[in-house]
Amino acid sequence: MLILALLLVADSLRAFSLAVAPAESVQVTTAGSGAPVVLVPGMFGSAFGYRKVMPLLIEAGYRVIVVEPLAIGTSSRPERADYSLTAQADRIAAALDQLGVRDAIVVAHSTSASMAYRLAYRRPDLVAGIVSIEGGPAERATTRGFRRALELAPWIKLFGGMKLVRRKIHGELIKASGDTSWVSDTVVEGYTAGAARDLDATLKAFLAMAERREPEQLRPHLAEVRCPVRLLVGTAEHQSGVRPEELVLLAQSLAAFAVDSVAGAGHYIQEEQPAAVVAAVQRLLLPVGGPERVRL
C-alpha cells in the first residue's frame, strides 16, 4: 500500500514558489485531494522531511500542502527580511489565502509549531486544529545553543563549507533520534539541499533569525487559540523537544489540548514513526468535541 501511495504522490505532486511579499517567496508543495492538511517543516527541514508522511495522508484521503517558511528548505532567503516567528506565521497565512485554503489541520515540527500557534490566534479562519511534533510555545526562532553556534558562521566556509555543515547536521540528527536507522548520507543531503544552493544566504538568514526579537509575544495569546491541539512527544531520550514548563503552559492556556507519547521515537517523529503523525491528524478530526484536556 505504501508503494501505491508513493506512486500517487509522484503523479499528483506540484511544487512551486509562491510570492507572499516583495522579494519574499515561499516554496509550496501540494498533492492529493480532500480536507486540507498543511505541513510546516522545522528550521532544518523541508518538504523532503515529510516524504514519509505525505503518501500516508494522501492514501487516507487528505489534500496535503507543505509550506516552507522563509529561509527554510528552498524558500527564498532575503537578507533584510523579518525572520520573527510572527512574520513567518503571517507568510504562511498569505500563502494559504492565495491557495484558497481554510479550516486546515496544521502539522508543524519543532520551532515551527510556534508559528502554527501564532497562525491559529491571528487567523483562526485558517486553522481547524494543530498537530505539534515536539514543538512548544517558543518565543524566539532560534535556541540559545544555536545562537552560540552561529558565532562561528563566518568560519564555516573557510573550514569546510557544506561538508562541515552536513557532518554537523548528521551528528545532530543522530543525537535527536530514538531510532537512528533513518539517518543516512542521502537523507542529510536531502535535508541540506536548500542550504547548499546558497550557503552564504542561508547563514545570513539564520543570523537574522537569531538576532530578531518578536514583535508580539505568544504566551499572552495562547488562550486565544480555540482550535484543538495535539502535541506529539517522543519517549526516547534525545536532544531538543518540549521543556516541562512549556508543557505546563500549553496545558493551562489552551482550550483543547492533548499529549500523545510516541514510544521509542525522538525529535523527528515524522521520520521514525510517520504513522503516528497521521493517526494524530485523524484523532484531531474525530467529531467528539476535540482532544481531551491534558491532566498534569
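Relevant structure appears above.
A brief structural summary. (Residues numbered from 1 in each chain as written. Predicted model: local features only at pLDDT ≥ 70, side-chain atom pairs only at ≥ 80, totals over all residues. Heavy atoms only, no water.)

### Looking at helix α3 (residues 85–99)
For the record, the criterion: Put simply, DSSP marks the helices as runs of H or I at least four residues long and the strands as runs of E at least two long, and each gets a number from the N terminus on. In this scheme, a helix's expected span is set at 1.5 Å multiplied by one less than its residue total. Type-normalised accessible area, obtained with a 1.4 Å probe on protein chains alone, sets the label of each residue: buried when under 20%, exposed when over 50%, and partly exposed for intermediate values. Should any heavy atoms of two residues lie within 4.5 Å, those residues are counted as being in contact.
Compared with the 21 Å implied by 1.5 Å per residue over 15 residues, the 21 Å span of α3 between its first and last C-alpha is a close match. Of all 15 residues in α3, 11 are buried; the element is thus mostly enclosed. Residues of α3 that are buried include every one of Leu85, Thr86, Ala87, Gln88, Ala89, Arg91, Ile92, Ala93, Ala95, Leu96 and Leu99, and no others. Buried residues in α3 make contact with β1 (14–21), β2 (24–31), β3 (35–40), β4 (62–68), α4 (112–122) and α9 (199–211). Just downstream of α3, Gly100 is the residue with a positive phi angle, here 70°.

### Side note on the pairing of strand β7 (residues 229–234)
The line we're drawing: Think of it like this: strands point away, you trace from the first strand over the helix to the second, and a clockwise trace means the crossover is right-handed.
In terms of residue burial, β7 counts as a mostly covered element, since five of its six residues are buried. As a crossover connection, the stretch from β7 through helix α10 (residues 244–253) into strand β8 (residues 257–262) is right-handed.

### Here we look at the sheet that holds β2
Quick note on the threshold: Two strands are said to pair when DSSP picks up at least two bridges between them. Each axis is a line fitted through C-alpha atoms, and for a helix only the stretch in contact is used; angles between axes span 0 to 180 degrees, taken between their N-to-C directions.
Spatially, β1-β2-β4-β3-β5-β6-β7-β8 is the arrangement adopted by the eight strands of the open sheet, whose pairing is mixed. Every other strand in the sheet has two partners, leaving β1 and β8 as the edge strands with one partner each. On average, each strand axis in the sheet is tilted by 20° relative to the strand beside it, whichever way the strands run. By the bridge criterion, four bridges tie β3 to strand β5 (residues 104–109) in an arrangement that is parallel.

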